[in-house]
Amino acid sequence: EHTSDRVLSIMRKPSFEQFETFKKIFDRINREENLRQQLIPYFISSHPGCKEEDMAELAVITKRLDFHLEQVQDFTPTPMTVATTIYYSGYHPYSLQKIDTAKSEKEKKQQNMFFFWYKREFREQIMTLLRRIHRADLIPKLYGKEREK
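What counts and what doesn't
- Residues numbered from 1 in each chain as written.
- Predicted model: local features only at pLDDT ≥ 70, side-chain atom pairs only at ≥ 80, totals over all residues.
- Heavy atoms only, no water.
- Phe/Tyr/Trp six-rings, centres within 6.5 Å; stacked < 30°, edge-to-face > 60°.
- Lys NZ or Arg CZ within 6 Å of the ring centre and 35° of its normal.
- Helix = DSSP H or I, 4+ residues; strand = E, 2+ residues; numbered from the N terminus.
- Expected span 1.5 Å × (residues − 1).
- Contact = heavy atoms within 4.5 Å.
- Polar contact = N/O pair within 3.5 Å; in protein donor to acceptor, adjacent residues only side chain to side chain.
- Core = buried A, V, L, I, M, F, W, Y, C linked by side-chain atoms within 4.5 Å.
- Buried < 20%, exposed > 50% of the residue type's maximum accessible area, 1.4 Å probe, protein only.
- Salt bridge = Lys/Arg side-chain N within 4 Å of Asp/Glu carboxyl O.
- Patch = residues over 30% accessible without salt bridge, like charges linked within 9 Å, V, L, I, M, F, W, Y side chains within 5 Å.
- Areas by Shrake-Rupley, 256 points an atom, 1.4 Å probe, with all protein chains shown as cover.

**Student:** Whenever I open this one, the packing of aromatic side chains confuses me. Can you help?
**Tutor:** Each aromatic ring pair is specified by the distance between its two centres and by the angle formed by the two planes. The final tally for this structure, using the stated rule, is 10 aromatic pairs. A connected cluster of aromatic rings, assembled from ring pairs, spans F115, F116, W117, Y118 and F122. Between K98 and the ring centre of Y91, over which it is positioned, the NZ or CZ distance is 5.5 Å. Lying across the ring of Y87, K103 places its NZ or CZ 4.8 Å from the centre.

So, in structure tokens, the structure goes:
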């Protein structure tokens, strides 16, 4: 549901390394058996604890894995979950650690657009945001060297 181990930990999910290991095995079997099976991952933006930097890194990782995401979701609070408790209180109920959450429409849209790094209509916004959060180093990884300026 995410690539950031920090966010996955809040979700109480295993490290993304497990998914990457699975994908390597899946791709190898596809090649060896001459199959055309696909993995369709499911990711969530704006989960409690998720920051723009996490989404920027998610974009780079999913590009490297050759995913063009479409089945994505913005976090929706669900009754009786730890994530919803964090969303409304701002604190993790087990550790009492303060955890920020994107709540405004603007914050949510900024996180969500990283899923669609490959769409032309988001390129300039993404590059501007990457510069603002001091992660311009990710621009060439998403768009190549000519887009770095």
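**Student:** It is not clear to me how helix α2 (residues 16-32) should be interpreted in this structure. Could you clarify?
**Tutor:** An α-helical turn contains 3.6 residues, so any two residues separated by three or four positions project in the same direction. Here α2 is 17 residues long and its end C-alpha atoms lie 25 Å apart, about the 24 Å a rise of 1.5 Å per residue gives. Residues of α2 that are buried sit in contact with α1 (5-11), β1 (43-45) and α3 (52-64). Just downstream of α2, N34 is the residue with a positive phi angle, here 55°.

**Student:** What exactly am I supposed to notice about the environment of Y118 here?
**Tutor:** Following the sequence through the fold, Y118 ends up in the loop between α5 (105-112) and α6 (120-132). C-alpha separation for the pair Y118 and L142, spaced 24 residues apart in sequence, amounts to 8.2 Å. When sequence neighbours within four positions are dropped, the list of residues in contact with Y118 reads H68, L69 and E70. Among the polar contacts made by the side chain of Y118, one reaches the main-chain carbonyl oxygen of L69 at a distance of 2.6 Å.

**Student:** Is there a simple way to explain the nonpolar core in this structure?
**Tutor:** One recurring pattern in soluble globular proteins: nonpolar side chains tend to sit buried together. Ranked by size, the top nonpolar core spans 36 residues in total, and within it F114, F115, W117, I126, L130, L142 and Y143 carry the most contacts. Elements supplying a minimum of two residues to this core: α1, α2, β1, α3, α4 (82-89), α6 and α7 (139-143). Among the elements that line this core, the one with the most residues is α3, at six residues. Dropping the residues within four chain positions of it, I126 is found in contact with M113, F114, W117, L142 and Y143.

**Student:** Honestly, the pattern of salt bridges in this entry has me stumped. Any pointers?
**Tutor:** Between side chains of opposite charge, a pair can form as their charged atoms come close. Here the structure, examined in full by the defined rule, presents 11 salt bridges. For E32, the salt bridge is made with R28, and the minimal N-O distance between the two is 3.2 Å. Pair noted here: E32 and R28 are both in helix α2, with a separation of four residues, about one helical turn. Exposure remark for R28: the relative accessible area of 36% places this residue in the partly exposed category. For E105, the salt bridge identified is with K109, shortest N-O distance 3.0 Å. Here E105 and its partner K109 are both found in helix α5, four residues apart, which amounts to about one turn of the helix. As far as burial versus exposure is concerned, E105 and K109 are alike and both exposed.

**Student:** Would you mind going over a nonpolar patch on the surface with me for this structure?
**Tutor:** On the surface, I25, I29 and L35 cluster together into a nonpolar patch covering about 230 Å² of accessible area. As for its placement among the helices and strands, L35 is situated in the loop between α2 and β1.

**Student:** Is there a simple way to explain the side chain of T62 in this structure?
**Tutor:** Among the secondary structure elements, T62 is positioned in helix α3. For T62, a relative accessible area of 0% puts it in the buried group. Only 3.2 Å separates the side chain of T62 from the backbone oxygen of A59, close enough to count as a polar contact. Setting aside residues up to four positions removed in sequence, T62 forms contacts with F43, F67, L69 and W117.

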